[in-house]
Each structure stands twice: as structure tokens, then as C-alpha cells.
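Here is how the chains run, residue by residue.
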Amino acid sequence: MNCFVTGASGFIGANLVHELVARGHRVKTLVRPAGHRHELESAGIECFEADLGDRAGLARGMRGCEWCFHLAASYHLWLPDYAPMYAVNVGGTRNVLEAAAAAGCSRIVYTSTVGCIGLPNSENGVVTPTDETTPVSEEEMYTDYKLSKWKAELIARELAAKGVPVIIVNPSAPVGPRDVKPTPTGRIIVDFLNRRLPAFVDTGLNWVHVKDVAVGHILAAEKGRVGERYILGIAEGNWTMIEALKVLEEISGLPAPKIQVPYVVALAAAHTGEMLSHLTGKPPRAPLAGVRMAKHKMFFNPAKAIRELGLPQTPPKQALADAVEWFRTKGFVKQR
């Protein structure tokens, strides 16, 4: 297929374009005027220069493409001004999806987040993972990132209801190769390996191999039902933070932190950090949005994607091991 991909320089996007090329698809990626393109072009990927605000330019770039994957997003847990995030995540999503429809794309995959899925409930200490059917409302979008992605997902659903062939995927917490920033999840691993994680908060994530998430996007284009949402996660990947840190200890040979920080202490520290950040303009070490999200164990059930798409289920330990190897190989870990 001829594929148009936004967000190819991001973590999931980079893995997606390489997976598409490996499967014989032809790939064109959206790049910003000042964006890096050498690695993409060296992999045989065509780069098209345009901006998410340029709907006509986007439509030109998508001409002749059958599949569109929209992954580009502003993913920040703290910003001095969130208006640019909403412009990219909400306005940019409408522009890309409508441009893809105008260009005649037969399948349009929009990358949302599990942050737009209803939060799990805990009863007597037992957390029940939620799925795509769990009720959720805008009131639960308590960070600007989540709210911006929620508004973008509503646009995707609106267009799908009008007949635009949009399929929505909701990745959980991917880890693995090509996490160049790294993402907040990858930062946990890097900090662990660099012995900069002295304590932890009692939270939990659905840890998934980024390769499975990339493949899940392709499977959504091949088999997904228009207008449906698919959680891209691992059925056995619902681990608490300490469980994940214990696995990292086993993989790396480094000791896991033993100090658990009470949520109220972490929240107070985050508030202080945010106040300092507004004065300095520098991001806080522990953003308030991240601490608020950590209040909930983000456990999810990907059964629908497994059943309907055939989503791969790489063991989460392997995902963490591949991430550790990649971060070490690429120089993210300081020699001691």
C-alpha cells in the first residue's frame, strides 16, 4: 500500500514506518520544514514537507495514498503555555483526517491514547482492567494532554460517523527501541539504569512492546472496523510500578528502589515543582500531570484488539529487556 504517516520522528511512529517498509509498503512521511529527515530517507522513506495547519498541503502530500496513519502529537506533561498543544493535537487532527478523506484514503488510523479510556476501579485492593466499553467523560480528562487527545478523539469519531474510514487505536504504555527523547515511560527505565530513581509511587501501567503497537496500527488498517476503538496493549502487561522495577532489577542486575513515596507527598512536591517551573521556565522533574495520573493504576484489557485484529502479545519482560538493551547501546546509560 501507499502509506502517509505523520509523527514518524516520534517513538511509535519511528517503529511504525520501519515496520511498514519491512512489510513491503511504500511510505511517505510528513516532516516539518526544520525537521530531521536523514534517517528516514536513508531507510527508503519519502519525506513530504508541510505543517499540520496546512490542510491543502496535507491533501497534496496524501494524493495517491491509500492508507493514512496520524500519529503526530504534542506529548508534554508540563508546558508554560498549553495553547500550542491544543493547536497540534486538536486542530492538527481535524486537518489531517479531513485531508486524508479529501485525498481518498481508504483507511485512516488515528492514534489516540488509553488516557481516553475509562479509568479502572479498585475494590478491596483489586484493580479490574477496563476496556473500550467502559463509560468515560470529559470530566475525567484532568490533564491538558489527556483533554487535548480526548477532543481529538471526538473529532475522529465525528468524522467516522459521517462515513470517513477512521479507525482509532489507543496504545497503553509502550517501551522498546527508538525511544530517542525518551518518553516519560522510557525515562523511568533510563533513570533506573542511571541510578536516578531512588523511590517510586504506588501506581501501575499496561506495559507493551512498541513493536506490537506498531504492528497493531497496521492490523487496524487491514482489519479494523470503521469508527471503532482498539486498545493496543498486553493482556499480561498490567504491572504495578514495583513489579516493573523488580523485573528491571532482574534484567539489569541493578537493585530496585525500596522507598515508596506516599501519593500526598508526591503531589505536594509536584505542586512546588510547578511553581518553580513557572518562575524558571524549565520543566519540573516530576510534573503535576504525571503525579495526578499516577494516582490511578492504568490497567487495561486489550481483548478486543487481540480478538479482532490479532494483536501480537510479546511478553512485557521482553519489552523491558529490549528497551534496556537499546538505551544502553545508544549511550543513554552513563558508564560507572
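Residues numbered from 1 in each chain as written. Predicted model: local features only at pLDDT ≥ 70, side-chain atom pairs only at ≥ 80, totals over all residues. Heavy atoms only, no water.

1. Overview of the pairing of strand 1 (residues 2-6)
In the case of a regular strand, side chains alternate between the two sheet surfaces.
Moving on, step 1. With four of five residues buried, strand 1 is to be regarded as a mostly interior element.
Moving on, step 2. Regarding topology, helix 1 (residues 11-22) serves as the crossover connection from strand 1 to the parallel strand 2 (residues 26-31), and that connection is right-handed.
Moving on, step 3. Where strand 1 lies against strand 4 (residues 67-70), four bridges are found, and the strand directions are parallel. Paired with valine 5 across the strands is phenylalanine 69, a residue of strand 4. (Buried < 20%, exposed > 50% of the residue type's maximum accessible area, 1.4 Å probe, protein only. Helix = DSSP H or I, 4+ residues; strand = E, 2+ residues; numbered from the N terminus. Right-handed = clockwise from strand over helix to strand, strands pointing away. Pairing = 2+ DSSP bridges.)

2. Things to note about the packing of aromatic side chains
The description of an aromatic ring pair uses the distance of the two centres, along with the angle that the planes make with each other.
Moving on, step 1. One pass over the structure, following the stated rule, counts five aromatic pairs.
Moving on, step 2. Between tryptophan 67 and phenylalanine 69 the ring centres are 6.1 Å apart and the planes differ by 85 degrees, which places this aromatic pair in the edge-to-face class. Accessibility classification places tryptophan 67 together with phenylalanine 69 in one group, the buried group.
Moving on, step 3. An angle of 70 degrees between the planes, with centres 5.5 Å apart, marks the rings of tryptophan 326 and phenylalanine 327 as edge-to-face. Grouping residues by exposure puts tryptophan 326 and phenylalanine 327 together as buried.
Moving on, step 4. Through successive ring pairs, a cluster of aromatic residues spans Trp326, Phe327 and Phe332.
Moving on, step 5. The ring of tyrosine 230 is capped by lysine 304, whose NZ or CZ atom sits 4.9 Å from the centre of that ring. (Phe/Tyr/Trp six-rings, centres within 6.5 Å; stacked < 30°, edge-to-face > 60°. Lys NZ or Arg CZ within 6 Å of the ring centre and 35° of its normal.)

3. Remarks on the packing of helix 1 against helix 7 (residues 210-223)
Moving on, step 1. Following both chains from N to C, one finds helix 1 and helix 7 inclined at 65 degrees, their axes separated by 9 Å at the closest point. Here the hand of the crossing between helix 1 and helix 7 comes out right-handed. Of helix 7, the residues touching helix 1 (which contributes Phe11, Ile12, Asn15, Leu16, Glu19 and Leu20) are Val210, Lys211, Val213, Ala214, Val215, His217 and Ile218.
Moving on, step 2. Tallied by class, residues from the contact of helix 1 with helix 7 come to nine nonpolar, two polar and two charged. (Axes fitted to C-alpha atoms, helices over the stretch in contact; angles between N-to-C directions. Left-handed = near helix turned anticlockwise from the far one by under 90°. Contact = heavy atoms within 4.5 Å. Nonpolar A, V, L, I, M, F, W, Y, C, P; charged D, E, K, R; others polar.)

4. As for the packing of helix 8 (residues 241-252) against helix 12 (residues 316-329)
Moving on, step 1. As a packed pair, helix 8 and helix 12 sit with axes 10 Å apart at the nearest point and diverge in direction by 55 degrees. As the angle between them shows, helix 8 and helix 12 are arranged oblique. Where helix 8 crosses over helix 12, the two elements pack in a sense that is right-handed. Between helix 8 and helix 12, the contacting residues are Ala244, Val247, Leu248, Glu250, Ile251 and Ser252 on the first element and Lys317, Leu320, Ala321, Val324 and Arg328 on the second.
Moving on, step 2. By residue class, the composition of the contact of helix 8 with helix 12 is seven nonpolar, one polar and three charged. (Parallel < 35°, antiparallel > 145°, perpendicular 65-115°, else oblique.)

5. Focus on helix 9 (residues 263-280)
The α-helix winds at 3.6 residues per turn, so residues separated by three or four positions along the chain end up facing the same way.
Moving on, step 1. Between its first and last C-alpha atoms helix 9 spans 25 Å; for 18 residues at 1.5 Å apiece the expected length is 26 Å, and the two agree.
Moving on, step 2. Along helix 9, the residues classified as buried are Ala266, Ala270, Gly273, Glu274 and Ser277. Down the axis of helix 9, the smallest arc covering the buried residues is 105 degrees, so these residues share one side. Those residues of helix 9 that are exposed and aimed more than 90 degrees away from the buried face are Val264, Met275, Leu276 and Leu279. (Expected span 1.5 Å × (residues − 1). Arc of directions from axis to C-beta.)

6. A closer look at helix 7
Moving on, step 1. Over its 14 residues, helix 7 extends 20 Å from the first C-alpha to the last, a length consistent with the 20 Å expected when each residue adds 1.5 Å.
Moving on, step 2. Counted residue by residue, helix 7 has eleven buried out of 14 residues, so it is predominantly covered.

7. Digging into the nonpolar core
Moving on, step 1. Ranked by internal contacts, the top residues of the largest apolar core, which has 34 residues, are Val5, Leu16, Val17, Leu20, Leu40 and Phe69.
Moving on, step 2. Those elements that place two or more of their residues in this core are strand 1, helix 1, strand 2, strand 4, strand 8 (166-171), helix 7, strand 12 (229-232) and helix 11 (303-309).
Moving on, step 3. Ranked by residues supplied to this core, first place goes to helix 7 with eight residues.
Moving on, step 4. Apart from residues no more than four positions distant in its own chain, leucine 40 is found in contact with Ala8, Val17, Thr29, Val31, Ile45 and Cys47.
Moving on, step 5. Formed by 31 residues, the second largest nonpolar core is a distinct cluster that contains Leu205, Ile231, Leu248 and Phe300. (Core = buried A, V, L, I, M, F, W, Y, C linked by side-chain atoms within 4.5 Å.)

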